[in-house]
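Chain residues, written in single-letter form:
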Amino acid sequence: MEKGTLVEFRVQSDRRLGVVDRPDGKTRWFVIDERGQSHSLAPRQITYTVNGQTYKPSDIPSFLEQVKPYLDPSSLEVAWELLVEDGEAVTPAEMANLLFSESDPAPCYAAHCLLSDDKLYFKQKGEAYEPRTSSQVADIKHQIQVKALKAREQQDFLVRVETALQGEAVEWQRYDRQRLEALEKYATLLAEIFRGGVNNESLARAYPPPAPVLETMSMLGRAATPQGAWELLVELGWWSLHENLFLRRSAIPVQFASKVLEVAEQRLQYPPIDSDTNRLDLTHLKVYTIDDESTTEIDDGLSWEKLADGRQQLWVHIADPTRWLAPEDDLDLEARKRGSTVYLPTGMVPMFPEVLATGPMSLVQGKVCCALSFGVILDENGAVEDYTIHPSLIKPTYRLTYEDVDEMLELGVEAEPEIAAIASWATKRKAWRYHQGAISISMPEAMIKVKDDDISIDILDDSPSRQLVAEMMILAGEVAARYGQKHNIPLPFRGQPQPELPPEEELLQLPPGFVRACAMRRCMPKSEMSITPVRHAGLGLDTYTQATSPIRRYSDLLTHFQLKAHLRGEVPPFSAEQLKEVMMTVISTTQELTMVERQTNKYWALEYLRRQPEQIWQATVLMWLREDSNLALILLEDLGLQLPMIFRRSVNLGEQISVKVSIADPRKDVIQFQEIIYQEAQTAAN
């Protein structure tokens, strides 16, 4: 290569021109650029040689000025259209002739620059360039458009994010939603902190962010962690500060698919033919529905009547949702997928669309309703003497709350002797069950409600009215199970193994009340489901199934499907094996529901306590969790909450203490109490 030859080379990705000065060893050359800097280049580093004359470094700027007029990328499209049909490759010199009808160094170098920078029409092949095919060019154009669209969408997204962070309303676009939904999924991993006690750093290491999350958080200059994703969603107003991560992390569908809602509306407009043409007309009976005031799915009612032979008959009427659906149809499969209505402090997630669940499926006061009615005659001890089960028509007379019934029982309302009669039989029934070995464990239960960010916690009292309803529901469950057992019908029977309770002398050593009940509760085995009858030790029954909440519990709905088919003289829709398979799915789902309900309740309990750091609570030491670490379970008596506490002194089970919250972090599932000695408590109270 001669001294003075003008060559092109690259410094990193920058195109640079230089003049050959002298050899550097056997194969390399020293090249001087326009700035006077010397570069030692191997032949492979030289990307173009300008032929025709020699140059000095000071000539480079004027040469580049000569090149500029030819640098029009759009001219390549014309050349491509001329060359694509034959597919002939061209050198930069040939391209200069084709484009400019010139072959001087400047237009030839310009052609080289255009071709080497082009990513659309031509691809390099050796020292020449061949035209891409029409389909290749179309594909590349499409890719360029997609990339440009993505860049524009990213920029628009950043603008909307900035607007939202300033507290202004934003109309998120479909592309934005895809990004935000990816962030949602990643942020729900924070629920694992609650489940497994892991910290944020461990969580981020265990679950590295997926590409869309990493891209979004990098664009915004934020840490791509579950905590970072959650904080961003809250700041954007996409999530509330108290978003239920447990529910989002679960497989529980919160919304109904449009198809399911359409089916529900169709059933309302065109009710299906009632398969039970022989419904027993019980509209003459006075029917009481008893629920909490907030209950919207009314699925049970009670009646009492005196028969001609002088005996008394109790009626437990259960809502009949199977009037509106059939096994394996869209509504049934949706209910099966959900497993149960989910009750959370912030509201409920129903098993059926509300237009059906709170409307025609419910036992609505003053309206003729379809029901499955259990008529039961008890003997003087409270045992079932006789029973009958009928698809029926009833007309609920009164919708009462538990408080209404408690007041009626206390005042002895003469106008409603049926209530007093039902309560009397419920008392006998309970005594009979305990004589059969039922186990009573009474612990306070907190009922947490959240409305407009206000949290209330009440203790769910085991009042006479609640005991009355509970006994009647258990009675209906026993009758349904006995009917299934008698006729060999596969049902989702429920049972509980006999617990191994502590010896009586050991229990007597424990303080009576909550401490003793807590010790007994620890010994109670979990209830089980089976397609064959099994004893329920806790209830004191030889056979039992749940049948009283078919709008809210899928296992109860299964019981209705099976019983009603047999009452019609048909083969039950589910064989033993089919029922077993469905039950396995439902059990798995309901276990997850129970976990979500428990975690959500604890979250709001901790949030309630967090907001009252100065409140002094009276507590009872219930049991040791780790006695060697002084970690105990305490009961906050005014709230019915059972929470862990580490003591700095020796305490006894059953000891009454005063405590105050020192740390409460519901998102991290952290609660710490400090004990307030009596003098401090007295001072704080004053």
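Our subject is the structure listed above.
This is a predicted model, so every value here is computed, not measured.

(A) Quick look at the overall build of the protein. Within the protein, the secondary structure is distributed over 22 helices and 25 strands. The globule rule puts the C-alpha radius of gyration for 686 residues at 26 Å, and the 39 Å found for the protein is more than 25% above it. A buried classification covers 47% of the 686 residues belonging to the protein. Of the contacts formed within the protein by residues at least 6 apart in sequence, a portion of 66% connects residues at least 24 apart. Side chains of the protein carry 72 positive and 101 negative charges; the gap between the two charge centres is 4 Å.

(B) Spotlight on the packing of helix α6 (residues 174–187) against helix α10 (residues 226–235). It is the contact of α6 with α10, at a shortest axis distance of 8 Å, that shows an interaxial angle of 130°. In terms of orientation, α6 and α10 fall into the oblique class. As α6 runs across α10, the sense of the crossing is left-handed. Mapping the contact onto sequence places L180, L183, E184, Y186 and A187 in α6 and P226, A229, W230, L232 and L233 in α10.

(C) Structural view of the sheet that holds strand β23 (residues 641–646). Strands sit in the order β23-β22-β21-β24-β25 across an open sheet of 5 strands; the sheet is antiparallel. The open sheet has two edge strands, β23 and β25 (670–676), and neither has a second partner. Between one strand axis and the next, the sheet turns by 45° as a mean value, whatever way the strands run. Where strand β21 (residues 617–626) and strand β24 (residues 656–665) come together, 4 bridges link them in antiparallel fashion. Its bridge partner lying in β24, A619 is registered against I657.

(D) Main features of the pattern of salt bridges. Summed over the entire model, instances satisfying the criterion amount to 46 salt bridges. Ionic pairing is found between R248 and E243, a salt bridge with its closest N-O pair at 2.9 Å. For D320, the salt bridge goes to R279, with nearest N and O atoms at 2.7 Å. Here D320, found in the loop between β11 (312–319) and α13 (330–338), pairs with R279, found in the loop between α12 (258–269) and β8 (280–281); they are 41 residues apart in sequence, far enough to count as distant. The exposure class of R279 is buried, given its relative accessible area of 11%. Each of the salt bridges in this network shares a partner with another, and the network as a whole consists of D274, D276, R279, D320, R323, K564, R568 and E570.

(E) Main features of a negative patch on the surface. Judged by side-chain charge, E293, E403, D404, E407, E410, D458, D461 and D462 come together as a negatively charged surface patch. Position of E293 relative to the elements: it lies in the loop between β9 (288–291) and β10 (300–306).

(F) Region of the structure containing the sheet that holds strand β1 (residues 6–11). Ordered by their spatial adjacency, 5 strands build an open sheet running β4-β3-β2-β1-β5, and the pairing between neighbours is antiparallel. Whereas interior strands pair on both sides, the edge strands pair on one side only; in this sheet they are β4 (38–41) and β5 (46–50). Between one strand and the next, the sheet's axes are offset by a mean angle of 40°, whatever the strand orientation. Sheet analysis places strand β3 (residues 28–33) next to β4, joined by 4 bridges and oriented antiparallel. Counterpart to I32 in the pairing with β4 is S38. Along the sheet face, helix α1 (residues 60–67) touches β1, β2 (14–24), β3 and β5 and points at about 140° away from the line of β2.

(G) Seen up close, the side chain of D276. If you trace the backbone, D276 turns up in the loop between α12 and β8. Look past the residues within four positions of D276 in its chain and what remains in contact with it is D320, P391, K564 and R568.

(H) Structural context of unusual backbone geometry. The phi dihedral of E328 falls on the positive side, at around 75°, and the residue is not glycine. Summarising the element assignment, E328 is placed in the loop between β11 and α13. E328 gets classed as partly exposed once you look at its relative accessible area, which sits at 44%. Here D452, not a glycine, exhibits a phi torsion of approximately 55°, which is positive. Checked against the element boundaries, D452 lands in the loop between β17 (445–451) and β18 (454–460). Classification of D452 by relative accessible area gives exposed; the value is 69%.

(I) Structural context of a nonpolar patch on the surface. There is a patch of nonpolar side chains on the surface, built from V78, L82 and L98 and spanning about 270 Å² of accessible area. Structurally, the position occupied by L98 is in helix α3 (residues 92–100).

(J) Region of the structure containing the packing of aromatic side chains. Counted according to the given criterion, the structure contains 11 aromatic pairs. Considering the side-chain rings of Y55 and F63, the 5.7 Å spacing of their centres and the 70° angle between planes classify their relative orientation as edge-to-face. Given a relative accessible area of 2%, F63 falls into the buried group. Through a chain of ring-to-ring contacts, three or more aromatic side chains come together here, namely Y48, Y55, F63 and Y109. The ring of Y434 carries the charged tip of R433 above its face, separated from the ring centre by 5.5 Å. The residue whose ring lies beneath R466 is Y402, and the NZ or CZ to ring-centre distance is 4.0 Å.

Conventions used here
Residues numbered from 1 in each chain as written. Predicted model: local features only at pLDDT ≥ 70, side-chain atom pairs only at ≥ 80, totals over all residues. Heavy atoms only, no water. Helix = DSSP H or I, 4+ residues; strand = E, 2+ residues; numbered from the N terminus. Rg over C-alpha atoms; globule rule 2.2 N^0.38 Å. Buried < 20%, exposed > 50% of the residue type's maximum accessible area, 1.4 Å probe, protein only. Contact = heavy atoms within 4.5 Å. Lys, Arg positive; Asp, Glu negative; His and termini not counted. Charge placed at Lys NZ, Arg CZ, Asp CG, Glu CD. Axes fitted to C-alpha atoms, helices over the stretch in contact; angles between N-to-C directions. Parallel < 35°, antiparallel > 145°, perpendicular 65-115°, else oblique. Left-handed = near helix turned anticlockwise from the far one by under 90°. Pairing = 2+ DSSP bridges. Salt bridge = Lys/Arg side-chain N within 4 Å of Asp/Glu carboxyl O. Patch = residues over 30% accessible without salt bridge, like charges linked within 9 Å, V, L, I, M, F, W, Y side chains within 5 Å. Areas by Shrake-Rupley, 256 points an atom, 1.4 Å probe, with all protein chains shown as cover. Phe/Tyr/Trp six-rings, centres within 6.5 Å; stacked < 30°, edge-to-face > 60°. Lys NZ or Arg CZ within 6 Å of the ring centre and 35° of its normal.

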